Amino acid sequence: MTEADVLKELTAVFHDVFDDDSIVLSPEMTANDIDGWDSQTHVMLTVAAEQRFGIKFRTAELESLRNVGHFAEVISKKLEAR
Amino acid sequence: MDQLLWLAQHPDLGAALSEAKRESDAIARLGMATRLAGYRRDFTHTTRLDRLASEGLGAIARGDCTAPELQPMRIALLSSHTVDHLVPSIRVAGLQRRLACSVYVAPYGMYRQALLMEDAELARFAPQLIVLALDARDAPLQLPLEASQAEVDAAISERIDELRLLWRRARERYAAQVVQQTIVPADPPLFGSFEALVPAAPFALIERLNAAIREAARDDGVLLLDLAWEAARGSYGDGLAEPVRWHQAKQLVSPNLAPLYGEQLARIAAASVGMSRKCLVLDLDNTLWGGVVGDDGVDGIKLGQGSPCGEAFLAFQRYAALLARRGIILAVCSKNDLSVAEAAFKHPEMALKRSDIAAFVANWEDKAGNLRRIASMLDIGLDSLVFVDDNPAERDIVRRELPEVAVPELPDDVADYPARVAAAGYFEAVSFTPDDATRGRNYALNAERKAAMSHATDMEGYLRGLEMVLTATPIGSAELARSTQLINKTNQFNLTTRRYSEAEVERIASDPRSVTLAIRLTDKFGDNGLISVLMARPDEAFPEDELLIDSWLMSCRVLGRQVEEAVLDVLASTAIQAGYKALIGEYRPTERNGMVAEHFARLGFTQRPAPADASSETTFWRLDLTHDTPSRHFIEVKA
């Protein structure tokens, strides 16, 4: 899966979790840029992403996922390591 | 993890959700959400469903509108961990069970304050159900690992006393039914298999605490959300609680599993207002036995000891027979010749007997029509039926034609049928009384009574010949559970269809100004059990020497036997003794209680104007007690 593919799939995760198909993700976006991205929805995002990509985040990785670029990067690394 | 496996798979739930979102009317969106909530769904779908429903549910909660197919339900969650992520799943599972749930979440960890002090917000919310969701990390029992069993028991009994105080406050302050969640063990073992032999080892402690919670709950009329037991049985797969979610957000239940948790709470909520299912309708060929009896003959079907397959079918029959023992009505709906289908019940290995089946329909007509027939034969609603059929095509047709009927998806292997039917939670109970255990027999007896009636030359002779004895007592602790059960599940012979929790019934019954009656009936065929409940109280809308009949309901199996006339006799004399001069009858029409529209007129009441604030369809009736009313019945009354 290329970085672009990961970002596309991750966009679908955001659409599901926020129930908003108009969200367009870019790597520099953070929790501050998306309405409703709070600590509760953050858990939802991580769990939904785990489900979609078939991966598991380590506790230590959770905080870095608040930035879209890092989020996609961590996912890519995990997919490569498989 | 795969969950809610008994629900049908939607071809594309995500797309259906996006489509439904475009509907502009909130109530129409709620209707779509209610329909889609019946499909298998993960937590993301469930959260989207909740958003689809939320505006409509909000309007219902505020009283701006009603949705006739949904019953409002207010649930307060008082917890020692994060539960906000579970709320959408509770509401959506509620929709699937025809409840319009509003959920109040008390501030994190503030469950004691919410119950021990005045909580104006919670009081305004007026919860019907208060769920105490506690966990192992909350207020751990402070004991050294080497503590003795006696020290452990003393600490546990102190904790139980505290819980009981909270339960009592929940009842007194909010008249709510309490649901206590059992404690899920959180710590990995310290000693391995030796764990349970060390009294103060974490796992042994929690086990003991849960046992004590269960016992206290039974004594105090508290319901359980037995999460510890569900976790131990593996309902939640590998883990209910993921350590990472606890560290990240203090979530005891992982968001992945929220739909299942919501479902387990919603089924208790539904049961508490009498909305559990009542009847298991079974297909025959390849559901109760292997093979087709019409083709293979009674000797050719696979059933019983000797083959793994025969044993699996037998095990499913045994499970159905056990459900019948606890009061679930059994029925058969099969495409077969009736004589061939009935002959199969003479197979020597059958665990189910023909007499266990209260309604037996075997013909070549469509199953949807036959299920309608079964419901009317048994005088129950389609929403009381669960239909089990191995044939996916039949399941699909019935789901489409009769959305009210629950039709579980079944596993490929019949060996897994019992667990699947159990997992779906259709028959969740909030009480179990001796009357439940004999219900099956009562249905059989009723058939005999109907036969006796056709022999009797006239109605009067028939009624006299039944040798009926009616016993009426105030609703006391012995009658509380069964009375509440009847109040919440009776739909047809029910004048006002007011639903009450045990706590509320207790409150009405203990008021010295009220008159409550729990009515039993025996006849020469046997004991019918507690078959009717009446609750009357003074009301400020009427003069103080007039008694309003708040609730009057009766089981349909004693219909047409003049029980209502005998009950009126008892009520009138009790009311006169208490100083009342008149009875006020109230009839609130619903879709199901048309049979009692003329009830008060038949009993000699005259219609009177409704009080100013009453709904327009409700009718009011008055019976003057200062004149003698003749009683017309053939029942010996013991009051």
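Residues numbered from 1 in each chain as written. Chains lettered and ligands numbered in written order. Predicted model: local features only at pLDDT ≥ 70, side-chain atom pairs only at ≥ 80, totals over all residues.

### Some points on the nonpolar core
Residue and element names in this part refer to chain B. This is how it is decided: The term nonpolar core refers to a group of buried residues, namely Ala, Val, Leu, Ile, Met, Phe, Trp, Tyr and Cys, whose C-beta atoms join them within 7 Å. Three exposure classes are used, based on other C-beta atoms lying within 10 Å of a residue's own C-beta, which is placed from the backbone: buried for 20 or more, exposed for 12 or fewer, and partly exposed in between. Helix numbers and strand numbers start at the N terminus; a helix is a DSSP run of H or I with at least 4 residues, a strand a run of E with at least 2. As annotated, the domain borders come from an automatic or database domain assignment. The contact criterion used here is simple: two residues whose C-beta atoms, placed from the backbone, lie within 7 Å are in contact.
Membership of the largest hydrophobic core comes to 133 residues, with the highest contact counts inside it found for Val131, Val281 and Ala331. With 9 residues, the top contributor of residues to this core is helix α11 (residues 258–272). Of the residues that make up this core, three or more belong to each of domain 1 (71–272) and domain 2 (279–423). Residues in contact with Val131, not counting those within four places in the same chain, are Ile75, Ala76, Leu77, Leu78, Val179, Gln181, Leu225 and Leu265. With 46 residues, the next largest nonpolar core counts Ile487, Val563, Val567 and Val570 among its residues.

### Focus: the sheet that holds strand β5 (residues 223–225) of chain B
Two orientations exist for strands paired in a sheet by backbone hydrogen bonds: parallel and antiparallel. Residues and elements named next belong to chain B. Selection rule: Any two strands with at least two DSSP-identified bridges between them are counted as paired. Comment: axis = line fitted to C-alpha atoms, over the contacting stretch for helices; angle = value between 0 and 180 degrees taken between N-to-C directions.
Strand order in the open sheet made by the 5 strands is β2-β1-β3-β4-β5, with parallel pairing throughout. Two strands bound the open sheet, and with one partner strand each, they are β2 (99–105) and β5. Strand-to-strand twist of the sheet, defined as the mean angle between neighbouring strand axes without regard to direction, takes the value 25°. In the sheet, strand β1 (residues 71–79) pairs with β2 via 7 bridges, with the strands oriented parallel. Looking across to β2, one finds that Ala76 is bridged to Tyr104. Of the strands in this sheet, β1 and β2 touch helix α4 (residues 87–96), which is tilted by about 160° from β2. Lying on the sheet, α11 is in contact with β1, β2, β3 (129–133), β4 (177–181) and β5; it crosses β5 at an angle near 160°.

### A closer look at the sheet that holds strand β8 (residues 357–363) of chain B
All names here are of chain B. The 4 strands lie next to each other as β8-β7-β6-β9, forming an open sheet whose pairing is parallel. Single-partner strands in this sheet number two, and they are β8 and β9 (385–388). Neighbour to neighbour, the strand axes of the sheet diverge by 20° on average, direction disregarded. Pairing geometry for strand β6 (residues 279–282) and strand β7 (residues 329–335), over 4 bridges, is parallel. Bridge pairing in β7 places Leu282 opposite Val332.

### Overview of the interface of chain B and chain A
The line we're drawing: Residue polarity follows a fixed list, in which Ala, Val, Leu, Ile, Met, Phe, Trp, Tyr, Cys and Pro are nonpolar, Asp, Glu, Lys and Arg are charged, and the others, Gly among them, are polar.
At the junction of the two partners, chain B supplies 13 residues and chain A supplies 11 residues. Broken down by secondary-structure element, the contributors of at least two residues to the side of chain B that touches chain A are α3 (43–62) and α10 (243–249) of chain B. Take the side of chain B that touches chain A: its biggest share by element is 5 residues, from α10(B). Taken together, the residues of the side of chain B that touches chain A sort by class into 3 nonpolar, 6 polar and 4 charged.

### So, the pairing of strand β14 (residues 582–587) of chain B
Residue and element names in this part refer to chain B. Going by this rule: Crossovers are described as right-handed under a simple rule: with the strands pointing away from the observer, the path leading from the first strand over the helix to the second runs clockwise.
The buried fraction of β14 amounts to 5 of the 6 residues, a majority that puts the element mostly inside the structure. Alignment of strand β13 (residues 546–554) against β14, held across 3 bridges, turns out to be parallel. Bridging from a neighbouring strand, Leu547 pairs with Leu583 of β14. Running through helix α23 (residues 563–577), the crossover from β13 to the neighbouring parallel element β14 is right-handed. As paired elements, β14 and strand β16 (residues 619–624) share 6 bridges and run antiparallel to each other. Each bridged residue has a counterpart across the sheet, and for Ala582 the counterpart in β16 is Asp624.

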